[in-house]
Amino acid sequence: MNTTIDKQFTSEDKYIAVGEDQLYVKRYIPSTPKEAILMVHGSIEGGRIFYSLNDKGIAPYLAAQGFDVFVPDFRGRGKSRPLVSRNSKSRQIDAIEEEIPAIITEIKQYYPEGISIHIIAHSWGGVWTLAHLARHPELNIASMCFFATKRSISLKTFKKRFEVDFIWRYVAGLATKIFGYFPAKEMRIGQENEPKGVYEDCKKWVFDLDNWVDPSDNFNYLNAFKRASHIPPTLYLTGKREYYLGHKYDVIRLMKEVGNKKDKFIYLAKETGHAKDYDHINICTAKEAVTDHFPIIRDWLINKGNKRA
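A.B. asks: In this structure, what is going on with the side chain of Asn260? I would like to understand it.
C.D. replies: Tracing the sequence through the fold places Asn260 in the loop between α7 (248-258) and β11 (264-268). For Asn260, the side chain forms a polar contact with the main-chain oxygen of Ile231, separated by 2.9 Å. With residues up to four places along the chain from it excluded, the contact list for Asn260 reads Ile231, Pro232, Pro233 and Met255.

A.B. asks: Help me understand unusual backbone geometry, please; the structure alone is not making it clear to me.
C.D. replies: Trans is the prevailing form of peptide bonds, just as negative phi is the prevailing case for residues other than glycine. Between Arg81 and the following residue, Pro82, the backbone shows a cis peptide bond with an omega angle of -5°. Inspection of the secondary structure assignment puts Pro82 in the loop between β5 (67-72) and α2 (92-109). Backbone geometry places Ser123, a non-glycine residue, at a positive phi of 55°. With respect to the helices, strands and loops of the structure, Ser123 is situated in the loop between β6 (117-122) and α3 (124-135).

A.B. asks: Any chance you could explain the environment of Lys304 here in plain terms?
C.D. replies: By the element assignment, Lys304 lies in the segment after α9 (294-302). Spatially, the C-alpha atom of Lys304 lies 8.9 Å from that of Thr234, the residues being 70 residues apart in sequence. The residues contacting Lys304, other than those within four sequence positions of it, are Glu35, Ser116, His118, Ala142, Ser143 and Pro233.

What counts, and where the lines are drawn
Residues numbered from 1 in each chain as written. Predicted model: local features only at pLDDT ≥ 70, side-chain atom pairs only at ≥ 80, totals over all residues. Heavy atoms only, no water. Helix = DSSP H or I, 4+ residues; strand = E, 2+ residues; numbered from the N terminus. Polar contact = N/O pair within 3.5 Å; in protein donor to acceptor, adjacent residues only side chain to side chain. Contact = heavy atoms within 4.5 Å.

Spelled out as structure tokens, the structure:
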């Protein structure tokens, strides 16, 4: 189904088959597409982090700037089918090696003569994206932008110890054993439930500060980044009200793990001249973002990281 929005772009709902699953994709299509963007959501959420029901957010904003934007719900989340249940068998490696490439392939089918493809990710979606690129250094991605993306959590605050170490690690771990999947919606700590395998794999990476190894096949991501000859220039943004999920120290730690000299970090806070002290969600959804940091992201993508935002 296509819907025209303010004559700047149209929106389209579509499904992509990945194995026996159907991935829902929200596509925003400008009248004259110049370049394309894949948006990758994070853990216990879906693609709606990038757009609202009345088409506000970073996805429609960039479509209005001429980008063809593809926003998927990964396996079991949002409008993808089937939904997460105790029968869900997917792990992180499936998002990294099946779902991301399936959507990139879909994008390329619309542009047989080629088009620049960028990636924007929120939170854990950036980790999946980097993992895919580490395994496929031949992939030509023009540039990337990550909202509040960290790979591990090094902070030792009380809030982190209670909400991450106790609630997310132990309480959610027990609930996952009972339900057969991570019941984030039932626990009211997330917008989407998570397959058991994805939750367990994610937990291994979050708590291993010094290593980044895939539990499915022992692929060493840190070693891969040391050998990588091309990682797209990436703009990392996080806000002052990030108390542990995307704290600036851990975002910068991830940047150092990747080791790309073309990357840039921006701290979104009043003290650095921005509209507000952003948190883990409103960094993508706040109305102030449209005139605050969305234009910075637009310029980063247009210049493919060559001119500093």
